[in-house]
Amino acid sequence: FNGADNCFTDVTITTASITCFVCPTLTLNSPAPQIICEGTGFNFNVTGTTNDPIRFIYFTSPVADPYTASGGTTLANSIAPVETAPGSGIYAASLAGGAPCYDGPALPGPGTYYVYAIFATPPAVPSCRPATDIVLTVNPRPAATLSMACTPDRANIELGVNIRSEEHTSELQS
């Protein structure tokens, strides 16, 4: 507004383009929950909207914020995601635990574990720190026993299998 002649004057204003920050995402693509036997493998697959490295960490109970919670054990610290298709902006990362080429820490044994996929370097904005989790139940290995008893007129063979602490015994006689 020009006060000298009481008229409005048009003015052109040029602004620079602004790129707005968008929080990254992480999505679990593995079946959940997973139940495995002790000593066998597991596989976690996640996709995200950034190629920032992924960290897989487990806890023995659920946590509110895996970025800041204490007591977790890292399974893999920096898995580099790969773009799923050129120009898609969607990146995938996988952890195949227990596989022959896996060199991370082993799970401590049978139990329930809460495995989280988070960014290896937490985003600067705390409200933009996505995480996805999967419940992994590790059952004890089945145990089998075999015993034989012979008498002059027959042989008894007893086979016992212990699965999840339930005793199943079969007896074969010949």
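Shown above is the structure to which this text applies.
This report concerns the structure included in the present document.

Analysis parameters
Residues numbered from 1 in each chain as written. Predicted model: local features only at pLDDT ≥ 70, side-chain atom pairs only at ≥ 80, totals over all residues. Heavy atoms only, no water. Helix = DSSP H or I, 4+ residues; strand = E, 2+ residues; numbered from the N terminus. Buried < 20%, exposed > 50% of the residue type's maximum accessible area, 1.4 Å probe, protein only. Contact = heavy atoms within 4.5 Å. Areas by Shrake-Rupley, 256 points an atom, 1.4 Å probe, with all protein chains shown as cover. Pairing = 2+ DSSP bridges. Axes fitted to C-alpha atoms, helices over the stretch in contact; angles between N-to-C directions. Phe/Tyr/Trp six-rings, centres within 6.5 Å; stacked < 30°, edge-to-face > 60°. Disulfide = S-S within 2.5 Å.

Looking only at helices and strands, the protein features zero helices and 12 strands. Going residue by residue from the N terminus, the α and β elements of the protein occur as β-β-β-β-β-β-β-β-β-β-β-β. In the protein, which comprises 174 residues, the share counted as buried stands at 26%. Long-range contacts, defined here as pairs at least 24 residues apart, represent 56% of the contacts in the protein between residues at least 6 apart. Entry remark: accessible area of the protein is about 11,200 Å², with carbon and sulfur atoms responsible for 55%.

The strand order across the open sheet formed by five strands is 2-9-8-4-5, and the pairing between neighbours is mixed. Two strands close off the open sheet at either side, each with one partner strand: strand 2 (34-37) and strand 5 (73-79). If you compare each strand with its neighbour and ignore which way they point, the axes differ by 25 degrees on average.

A word on the packing of aromatic side chains. Counted under the stated rule, the structure contains four aromatic pairs. Taken together, a centroid distance of 5.0 Å and an interplanar angle of 35 degrees make the contact between Phe42 and Phe44 tilted. There is no split in this pair, since Phe42 and Phe44 are both buried. Centre to centre, the rings of Phe59 and Tyr116 are 5.7 Å apart; their planes meet at 80 degrees, and the pair counts as edge-to-face. One end of the pair, Phe59, is in strand 4 (residues 54-59); the other, Tyr116, is in strand 8 (residues 111-119), with 57 residues separating them in the sequence. The pair Phe59 / Tyr116 is uniform in exposure class, with both members buried.

A complete count under the given rule lists one disulfide for this structure. The residue that forms a disulfide with Cys23 is Cys128, at a sulfur-sulfur distance of 1.7 Å. Remark: Cys128 occurs in the loop between strand 8 and strand 9 (132-139) and Cys23 occurs in the segment before strand 1 (26-28); sequence separation between them is 105 residues.

Now for the pairing of strand 4. Among the six residues of strand 4, five are classified as buried, and the element is accordingly described as predominantly covered. Across four bridges, strand 4 lies against strand 5 in antiparallel orientation. Its bridge partner being in strand 5, Ile57 is matched across the sheet by Thr74. Bridge count for strand 4 against strand 8 is six bridges, and the pairing is antiparallel. The partner of Ile57 across the bridge, within strand 8, is Tyr116.

Let us now look at unusual backbone geometry. Cis geometry marks the peptide bond from Ala32 to Pro33; its omega dihedral reads -10 degrees. Mapped onto the elements, Pro33 comes out in the loop between strand 1 and strand 2.

Remember, this is a structural readout, not a statement about activity or role.
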